[in-house]
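Architecture and fold: a report
Each chain, written out:
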Amino acid sequence: MAARQLVPRRAAALCWRRGYSSAGAAEYLHRSIVPTMHYQKSLPRLPVPKLEDTIRRYLNAQKPLLNDDQFRKTEELAHQFEKGIGRELHEQLVAQDSQNKHTSYITGPWFDMYLKARESVVLNFNPFMSFNPDPKSEYNDQLIRATNMTVSAIRFMKTFRAGYLEPEVFHLNPEKSDTQLFKNIIRFVPSSVSWFGAYMVNAYPLDMSQYFRLFNSTRLPKPDRDELYTDEKAKHLLVLRNGNFYIFDVLDRDGNMLKPSEIQAHLKYILSDNSPAPAFPLGYLSSENRDTWALLRKNLLDNGNEEALQKVDSALFCLSLDDFPIKDFVHLSHTMLHGDGANRWYDKSFTLIIAKDGTAAVNFEHSWGDGVAVLRFQNEVFKDSTKAPAISPQSQPASVDSSRAVRKLDFKLNDALKAGITKAKEKFDATVGTLSLNLIQFNGGGKEILKQKKVSPDAVAQLAFQMAFLRQYNQTVATYESCSTAAFKHGRTETIRPASVHTKKCSEAFVREVSKHSTEEGFDRHLFVLRHLALSKGIALPDFYQDQAYARINHNIISTSTLVSPSVQLGGFGPVVSDGFGVGYQVHDDWIGCNVSSYPTRNGKEYLQCIHKSLEDIFTVLKGKKIGS
């Protein structure tokens, strides 16, 4: 999912509303005096690690997973690689990186990794993040919330494109850097050196190169490797309801936003449409294997659907309106992570999903970007739609002819396409039918107690996941924690390996020897890129990469990701391997929440119970008590 992100604390009030268009609606969220991309040019480049450091970190991560004989073999292969073909590949990578200073060494290979993947994006790649409810309960009506969030999303887009969106900055000392005085000074510092000015006051601007893909973008299925498509000239919104596709313009010919009351009228018209669900819902195709979907898309294009598909691909974003309320958090997770397959278009850069009771979430396609951009979007939309809503429960929709403004897209389907949709639905239903989602809320403590004890909240959560797996399955396995490298130009993510010899010993002490009781930096992306380089040059895959231990450490049985934000209620994603757990978690001031996904080979409910017991034990010890007393 979405990765562990650096989320800056922001000043309570940023700025002023920037005037009104002739349409009468505020066009922008705010107007930052520091231009949006002010720091982008001077961001530091992601350094290529030293090969010897990468090998050392790799071996440290392997140690808790292997027995002595296995480790000796892996250690020998690693040192052979370091002195031989690995050294050659590393030198080629360094030379290649020095010739491409406009980007990062991970960018190309990482796009290839995502876009060449042939699995369905559903459960395998697309995560979700749900919004907290609007604090004013009457604003959680589906039509009101859909209108307000759509307006806020358009405001975000216009603010970003105008260069008025406040730059994304991680403030370590906000009293100095997140101030009007600092902004007044830094805006006059040339963009070629502006990052250094922020660094002087312990502020770290983050890469914003992904943001343009938030809007008017989609992932197009192609044989072997998909493509990312963006058309910033398009002015329409895509709305899905009951498996039907609708579009209407939300910007006029001058780029001004429609009045919120008009957007409200058009959405009301769609919500009132009694058209039956299509017999062959097109949405299922976007859940297919990518090569299968590529062939079916070509058939769609050849069958006279080019203009309709172009409207889908170029829309600002996708708004999915579901006709049922959310029952509980498990139902919410299933709905927002995968839904029914008919009322979704999983290839759009993001889909804003709003249920009948106003419960809202973002489901996003992951190849174009990471959680930093999506979370910033989500935070701004939540803040704007709740603190400065465009319409209220008393607002009346505009008196406009929505039947002329709103267009329902019709798709011409031949027998092969109908059969393709039927098969896609069968595969989708079979796959999501095997997915289990389970949640817990641990109320025995949170961030406040842990900080008082000078213990990292994230480290405690990760230790609990290790202890829980040991308690349930009596072993330590490959574990993945995603963290952002957005502090570097074109940074994406890196892997933290929470399973170490230290966490293994600590877990064993808690789980097996209760009576006796009283991370390294990342290496994954470097090894991944060296492997990518070897394959791209036709070099035989080195023995190092054919070691079973290399395959095992990249078979991430426990995959974890966290975020905490005032706008986010919970998030989740599918397991990254068929015998794994997908663990979305949040450490709050006084409680810890976990959302675990699994397939039938693993018992997610029991794993959550083990996590709860592990957290109980950790907090018991931290409070100076004896476990079981």
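Residues numbered from 1 in each chain as written. Predicted model: local features only at pLDDT ≥ 70, side-chain atom pairs only at ≥ 80, totals over all residues. Heavy atoms only, no water.

Remarks on the overall build of the protein chain
- Each helix and strand counted, the protein chain has 21 helices and 18 strands in total.
- Since a compact globule built from 629 residues should have a radius of gyration of about 25 Å, the 25 Å found for the protein chain is in line with a globular shape.
- Referenced to the eigenvectors of the C-alpha coordinate spread, the extents of the protein chain come out at roughly 75 × 65 × 60 Å.
- Going through the 629 residues of the protein chain one by one, you find that 57% of them count as buried.
- A total accessible area of about 26,000 Å² is found for the protein chain, and carbon and sulfur atoms account for 51% of it.
- Looking at the protein chain, you have 78 positive and 69 negative side-chain charges, and the mean spots of the two groups are 3 Å apart. (Helix = DSSP H or I, 4+ residues; strand = E, 2+ residues; numbered from the N terminus. Rg over C-alpha atoms; globule rule 2.2 N^0.38 Å. Buried < 20%, exposed > 50% of the residue type's maximum accessible area, 1.4 Å probe, protein only. Areas by Shrake-Rupley, 256 points an atom, 1.4 Å probe, with all protein chains shown as cover. Lys, Arg positive; Asp, Glu negative; His and termini not counted. Charge placed at Lys NZ, Arg CZ, Asp CG, Glu CD.)

Let's talk about empty space enclosed by the protein
- Roughly 90 Å³ of volume is contained in the largest cavity.
- When residues of the lining of the largest cavity are traced back to their parent elements, those giving at least two are strand S2 (169-171) and helix H7 (180-186).
- Here the lining of the largest cavity takes three residues from H7, the largest share from any one element.
- Looking at side-chain class alone, the lining of the largest cavity contains six nonpolar, two polar and four charged residues. (1 Å grid on protein atoms, 1.4 Å probe; cavity = no way out; pocket = protein on both sides within 12 Å on 5 of 7 lines; lining within 4 Å. Points joined across faces, edges and corners; volume = space filled by probe spheres on them. Nonpolar A, V, L, I, M, F, W, Y, C, P; charged D, E, K, R; others polar.)

A few points about the pattern of salt bridges
- Inspection of every chain in the model, using the stated rule, returns 31 salt bridges.
- Between Arg-155 and Asp-384 there is a salt bridge, with the nearest N and O atoms lying 2.8 Å from each other. Separated by 229 residues along the polypeptide, Arg-155 in helix H5 (residues 142-161) and Asp-384 in helix H12 (residues 371-387) bring together distant segments of the chain.
- A salt bridge links Asp-524 to Arg-497; the nearest nitrogen and oxygen atoms lie 2.6 Å apart.
- On the basis of relative accessibility, which here comes to 7%, the residue Asp-524 falls in the buried class.
- Residues joined in a network through salt bridges with shared partners are Arg-118, Arg-219, Asp-226, Arg-290, Asp-291, Asp-347 and Glu-365. (Salt bridge = Lys/Arg side-chain N within 4 Å of Asp/Glu carboxyl O.)

Observations regarding the pairing of strand S18 (residues 592-598)
- Judged by how many residues are buried, S18 sits mostly within the fold: seven of seven residues are covered.
- Neither face of S18 is left uncovered, since the one carrying Ile-592, Cys-594, Val-596 and Ser-598 and the one carrying Gly-593, Asn-595 and Ser-597 both have all their residues buried.
- Relative to S18, strand S17 (residues 581-587) is paired through seven bridges, and the arrangement is antiparallel. Counted as the bridge partner of Val-587 is Ile-592 from S18.
- Connecting S17 to the next strand, S18, in antiparallel fashion are four residues. (Pairing = 2+ DSSP bridges.)

Details of the environment of Pro-600
- Counting through the fold element by element, Pro-600 comes out in the loop between S18 and helix H21 (604-622).
- A residue is classified by how much of its surface remains accessible, and Pro-600, at 67% relative accessible area, is exposed.
- Residues Pro-600 and Cys-610, spaced ten residues apart in sequence, show a C-alpha to C-alpha distance of 18 Å.

A short note on the packing of aromatic side chains
- With the rule as written, the count across this model stands at 34 aromatic pairs.
- For the pair Tyr-28 and Tyr-164, a centre-to-centre distance of 5.1 Å together with 85° between the ring planes defines the contact as edge-to-face. Here Tyr-28 is found in the segment before helix H1 (51-62), whereas its partner Tyr-164 is found in the loop between H5 and S2, with 136 residues between them in sequence.
- You can call Tyr-28 buried: its relative accessible area is 12%.
- Using a relative accessible area of 14% as the deciding quantity, one classes Tyr-164 as buried.
- Geometrically, the ring pair formed by Phe-156 and Phe-215 is tilted, given 6.1 Å between the ring centres and 40° between the ring planes. (Phe/Tyr/Trp six-rings, centres within 6.5 Å; stacked < 30°, edge-to-face > 60°.)

Focus: the sheet that holds strand S13 (residues 479-484)
- Ordered by their spatial adjacency, six strands build an open sheet running S12-S18-S17-S15-S13-S14, and the pairing between neighbours is mixed. Whereas interior strands pair on both sides, the edge strands pair on one side only; in this sheet they are strand S12 (436-442) and strand S14 (493-496). The mean inter-strand angle of the sheet, taken between neighbouring strand axes irrespective of direction, is 25°.
- Where helix H11 (residues 329-337) meets the sheet, it contacts S12 and S18, and its direction lies at approximately 130° from that of S12. (Axes fitted to C-alpha atoms, helices over the stretch in contact; angles between N-to-C directions. Contact = heavy atoms within 4.5 Å.)

Structural notes on the sheet that holds strand S11 (residues 407-408)
- Strand order in the open sheet formed by eight strands is S11-S7-S6-S8-S9-S10-S1-S16, with mixed pairing between adjacent strands. Every interior strand has two partners, whereas the edge strands, S11 and strand S16 (568-572), have only one.
- Running at roughly 100° to strand S6 (residues 236-241), helix H10 (residues 290-314) makes contact with S6, strand S7 (244-249) and S11 of the sheet.
- Each of strand S1 (128-131), strand S9 (350-354), strand S10 (360-364) and S16 is contacted by H12, which is oriented at about 15° to S1, the strand it contacts most.

Structural notes on the packing of helix H3 (residues 85-98) against helix H18 (residues 524-536)
- In contact at an axis separation of 10 Å, H3 and H18 are set at 95° when each is read in the N-to-C sense. Classed by the angle they form, the pair H3 and H18 counts as roughly perpendicular. Contact residues: Leu-89, His-90, Gln-92, Leu-93 and Gln-96 in H3; His-526, Val-529, Leu-530, Leu-533 and Ala-534 in H18. (Parallel < 35°, antiparallel > 145°, perpendicular 65-115°, else oblique.)

With respect to H3
- With 14 residues, H3 should reach 20 Å at 1.5 Å per residue; the first-to-last C-alpha distance of 20 Å fits that figure.
- Along H3, the residues classified as buried are Gly-86, Leu-89, His-90, Leu-93 and Asp-97. All buried residues of H3 lie within an arc of 100° about the axis, which places them on one face of the element.
- The elements touched by buried residues of H3 are H1, helix H2 (68-83) and H18. (Expected span 1.5 Å × (residues − 1). Arc of directions from axis to C-beta.)

Side note on helix H9 (residues 260-272)
- Over its 13 residues, H9 extends 18 Å from the first C-alpha to the last, a length consistent with the 18 Å expected when each residue adds 1.5 Å.
- Listed as buried for H9 are Pro-260, Ile-263, Gln-264, Ala-265, His-266, Leu-267, Ile-270 and Leu-271.
- The inward-facing, buried residues of H9 abut H5, S6, S7, strand S8 (318-321) and helix H13 (402-405).

Examining the side chain of Arg-290
- On the secondary structure map, Arg-290 appears in helix H10.
- Leaving out residues up to four positions away in the same chain, Arg-290 has contacts with Ala-117, Arg-118, Glu-119, Val-121, Arg-219, Leu-220, Pro-221, Asp-226 and Asp-347.

Observations regarding unusual backbone geometry
- If you check the backbone angles, Asn-202 has positive phi at about 65° while not being a glycine.
- By the secondary structure assignment, Asn-202 is in the loop between helix H8 (194-199) and strand S3 (203-205).
- For His-490, which is not glycine, the phi torsion reads 55° and is therefore positive.
- Counting through the fold element by element, His-490 comes out in the loop between S13 and S14.
- Judged by relative accessible area, His-490 falls into the partly exposed class, the value being 22%.

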